Amino acid sequence: VSITTHENLSSTATRAIEERLRWAIMEEPGVIDVDVHSTPAAGSGEVVCPLLATEVARGNVELPPSTATVEEDVRRVVGKNSDVLSIESVTVNYRDTMLVDVDATIRVDPASTVAKANLIAADLKIQLEKENDIDKASIYLDLNEAASLLTLQEGV
């Protein structure tokens, strides 16, 4: 689901709206999972933090990239890795107003060893942290699909 948010919302407020909408949709019958993404209104600048916006207006600092821009960068970098089957979620957080932290959840081949999956995640972390806009990256492995396959095989 993609939503458009007001340009004056902070990234924290936008994330709260995304989560509320996600949980409201999850309560619908037959819905197993939903991914909600937000973008600022067309032609508007995304405000990261009111204090930061004031400093930008004064010319003291440059505005960090928008969450949408960082998420696109993460999806581009991670998507290039052929070992990644899917990108389940990307969360962008601003630490100390200016530093960008990224959490990405990925799925890899369920037949991969834990060691190989960890190597893939470590490699992606390094690649993401080399990006100009990203200070810290965390890669999480979604193993739910592999767990359901194991359950099916055990029941056979």
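Just above sits the structure.
Scoring rules and cut-offs
Going along each chain's sequence as written, the residues are numbered from 1 onward. Under the rules for a predicted model, residues below a pLDDT of 70 receive no local features and side-chain atom pairs below 80 are neither given nor counted, while totals for whole chains, interfaces and linings still include all residues. Computation of side-chain values covers all heavy atoms of the structure but excludes hydrogens and water. A residue counts toward a patch only above 30% relative accessible area and without a salt bridge, and it is joined to like-charged neighbours within 9 Å or, for Val, Leu, Ile, Met, Phe, Trp and Tyr, to nonpolar neighbours within 5 Å. A 1.4 Å probe and the Shrake-Rupley method give the accessible areas. Residues count as covered only by the protein chains that appear here. Only one rule defines a salt bridge in this text: a Lys or Arg side-chain nitrogen within 4 Å of an Asp or Glu carboxyl oxygen. Each helix is a run of DSSP H or I of at least 4 residues and each strand a run of E of at least 2, with the numbering of both proceeding from the N terminus. Here is the rule: rings of Phe, Tyr and Trp (six-membered ring for Trp) pair when centre to centre is within 6.5 Å. Planes less than 30 degrees apart are stacked, more than 60 are edge-to-face, and the remainder are tilted. The criterion is that NZ of a Lys, or CZ of an Arg, lies within 6 Å of the ring centre and within 35 degrees of the ring normal, and then a charge sits over that ring. To estimate how far a helix should reach, multiply one less than its number of residues by 1.5 Å. Under the scheme applied here, a residue whose accessible area is under 20% of the maximum for its type counts as buried, over 50% as exposed, and between as partly exposed, the area being computed with a 1.4 Å probe on protein chains only. The directions considered for the arc are those from the helix axis to the C-beta atoms. In this analysis, two residues are considered to be in contact whenever any of their non-hydrogen atoms come within 4.5 Å of each other. Here, nonpolar core means buried Ala, Val, Leu, Ile, Met, Phe, Trp, Tyr and Cys residues that are tied together by side-chain atoms lying within 4.5 Å of each other. Using only the protein atoms, space was sampled on a 1 Å grid; points where a 1.4 Å probe fits but cannot get out form cavities, open sets with protein on both sides within 12 Å along at least five of seven lines form pockets, and lining residues are those with an atom within 4 Å of a point. Grid points are joined across faces, edges and corners, and a volume is the space filled by probe spheres set on the points. Amino acids outside the nonpolar list (Ala, Val, Leu, Ile, Met, Phe, Trp, Tyr, Cys, Pro) and the charged list (Asp, Glu, Lys, Arg) are all regarded as polar, and Gly is one of them.

Engineer: Can you explain a nonpolar patch on the surface? Please cite residues and give values.
Structural biologist: A contiguous nonpolar patch, built from Val-61, Met-98 and Leu-99 and spanning about 200 Å² of accessible area, is present on the exposed surface. By the secondary structure assignment, Met-98 is in the loop between strand 3 (84-95) and strand 4 (99-108).

Engineer: Break down the packing of aromatic side chains for me, with residues and values.
Structural biologist: Counted according to the given criterion, the structure contains zero aromatic pairs. Above the plane of the ring of Trp-23 lies Arg-22, whose end atom (NZ or CZ) is 4.9 Å from the centre.

Engineer: Just give me the short version of the environment of Asn-144, but keep the residues and values in it.
Structural biologist: Counting through the fold element by element, Asn-144 comes out in helix 5 (residues 144-155). Separated by 34 residues in the primary sequence, Asn-144 and Pro-110 have C-alpha atoms spaced 9.3 Å apart.

Engineer: Explain helix 4 (residues 114-130) to me, using residue names and the numbers behind them.
Structural biologist: The terminal C-alpha atoms of helix 4 lie 25 Å apart, and with 17 residues this matches the ideal 24 Å at 1.5 Å per residue to within 8%. Turning to helix 4, its buried residues number three or more, namely Ala-117, Ile-120, Ala-121, Leu-124 and Leu-128. The arc that holds every buried residue of helix 4, seen down its axis, measures 95°, which confines them to one face. The exposed residues of helix 4 that point more than 90 degrees off its buried face are Ala-115, Leu-119 and Lys-130. Buried residues belonging to helix 4 abut helix 3 (67-79), strand 3, strand 4 and strand 5 (136-141).

Engineer: Got a sec to walk through the nonpolar core? Specific residues and values, please.
Structural biologist: Most often, soluble globular proteins have nonpolar side chains that are buried together. In terms of nonpolar packing, the biggest core is built from 21 residues, with Val-74, Ile-106 and Leu-128 touching the most fellow members. Secondary-structure elements contributing two or more residues to this core are helix 3, strand 3, strand 4, helix 4 and strand 5. When neighbours within four sequence positions are excluded, Leu-128 is seen to be in contact with Val-74, Val-77, Val-78, Ile-134, Ala-137 and Ile-139.

Engineer: Go over the pattern of salt bridges, please, and point to the residues and values.
Structural biologist: Tallied over the entire structure, the rule returns eleven salt bridges. We note a salt bridge from Asp-35 to Arg-75, for which the minimum N-O separation is 3.8 Å. Placement of Asp-35 in the loop between helix 1 (11-26) and strand 2 (37-40) and of Arg-75 in helix 3 is noted, with a sequence separation of 40 residues between them. Residue class for Asp-35 comes out partly exposed when judged on its relative accessible area of 29%. Between Arg-95 and Asp-135 there is a salt bridge; the shortest N-O distance is 2.4 Å. Placement of Arg-95 in strand 3 and of Asp-135 in the loop between helix 4 and strand 5 is noted, with a sequence separation of 40 residues between them. Taking relative accessible area as the criterion, Arg-95 reaches 30% and is therefore assigned partly exposed. By relative accessible area, which is 39% here, Asp-135 ends up partly exposed. Put simply, Asp-35, Glu-71 and Arg-75 are held in one network by salt bridges that share partners.

Engineer: An account of the layout of surface pockets is requested, with residue identities and associated values reported.
Structural biologist: By volume, the largest pocket amounts to about 490 Å³. As for the largest pocket, its lining consists of 25 residues, of which Arg-15, Asp-35, Ser-89, Val-90 and Thr-91 are closest to the centre. Mapped by element, the contributors of at least two residues to the lining of the largest pocket are helix 1, strand 2, helix 3 and strand 3. A per-element tally of the lining of the largest pocket places helix 1 first, with six residues. Here the lining of the largest pocket is built from residues that sort into six nonpolar, nine polar and ten charged.

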